[in-house]
Amino acid sequence: MAIAGCQNSGNITTSSVVYRDACRLVSVHVTNTHGSNTTTVTVYDNDSASGKVVLMMNVEAGKSLEYDMHSAKMLSGIYVELSGGTGNVQVNFA
């Protein structure tokens, strides 16, 4: 089912702000591009790496994961933090 007005962050490869205001978090897609390290992706309800953690994904080297957030309400924005390895992250939000 498509979410009306759904937006995509584009490809995120470093920790960054996705959105700076209240919104709905639809889904998070991660591909770990590192040869051996696990990549950890942490999503915050904020416009920085502080505030409420709403999702933490540990993705093994060479693997992909996606997580459906069912349009979770984000009160302060969306910030994505990548650590441990390297990865490609895409966030869908409305």
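About the cut-offs
Residues numbered from 1 in each chain as written. Predicted model: local features only at pLDDT ≥ 70, side-chain atom pairs only at ≥ 80, totals over all residues. Heavy atoms only, no water. Pairing = 2+ DSSP bridges. Helix = DSSP H or I, 4+ residues; strand = E, 2+ residues; numbered from the N terminus. Core = buried A, V, L, I, M, F, W, Y, C linked by side-chain atoms within 4.5 Å. Buried < 20%, exposed > 50% of the residue type's maximum accessible area, 1.4 Å probe, protein only. Contact = heavy atoms within 4.5 Å. Axes fitted to C-alpha atoms, helices over the stretch in contact; angles between N-to-C directions. Disulfide = S-S within 2.5 Å. Polar contact = N/O pair within 3.5 Å; in protein donor to acceptor, adjacent residues only side chain to side chain. Salt bridge = Lys/Arg side-chain N within 4 Å of Asp/Glu carboxyl O.

### Observations regarding the sheet that holds strand β3 (residues 23-32)
Taken in spatial order, the four strands make up an open sheet running β1-β8-β3-β6, and their pairing is antiparallel. Taken across any chain shown, the strands that pair with only one partner, and hence form the sheet edges, are β1 (7-8) and β6 (64-74). Direction of pairing for β3 relative to strand β8 (residues 87-93): antiparallel, over a ladder of seven bridges. Residue pairing in the sheet places T31 in a bridge with N88 of β8.

### A short note on the nonpolar core
Membership of the largest hydrophobic core comes to 19 residues, with the highest contact counts inside it found for L25, V28, V43, I78, V80, V89 and V91. Ranked by the residues each element gives to this core, the list is headed by β3, at four residues. Setting aside residues no more than four positions away along its own chain, I78 makes contact with V17, V18, Y19, C23, L25, V43, Y44, N46, V91 and F93.

### A short note on the sheet that holds strand β2 (residues 16-19)
Reading across from one edge, β2-β7-β4-β5 is the order of the four strands in this open sheet, with antiparallel pairing throughout. Strand pairing shows two members of the sheet lacking a second neighbour, β2 and β5 (52-59), which therefore form its edges. Shown here is a sheet whose adjacent strand axes are inclined to one another by a mean of 20 degrees, direction ignored.

### Some remarks on the state of the cysteines
Scanning the model with the defined rule gives zero disulfides in all. Cysteine C23 shares no disulfide, and the gap to the nearest cysteine sulfur, in C6, comes to 10 Å.

### A few points about the side chain of N46
One can find N46 in the loop between β4 (39-45) and β5. Exposure remark for N46: the relative accessible area of 17% places this residue in the buried category. Within the local environment of N46, its side chain forms a polar contact with the backbone oxygen of S50, the two atoms lying 3.1 Å apart. Every residue in contact with N46, bar those within four places of it in the chain, is listed here: G51, S76, G77, I78 and Y79.

### Let's talk about the side chain of N92
One can find N92 in strand β8. In this structure N92 comes out as buried when scored by relative accessible area, which is 16%.

### Some details on the pattern of salt bridges
Considering all chains together, one arrives at one salt bridge under this definition. Here D47 ties to R20 by a salt bridge, and the two come within 3.7 Å at their closest N and O atoms. Residue D47 is located in the loop between β4 and β5, and its partner R20 is located in the loop between β2 and β3; the two are separated by 27 residues in the primary sequence.

The values reported here are purely geometric and, on their own, carry no functional implication.
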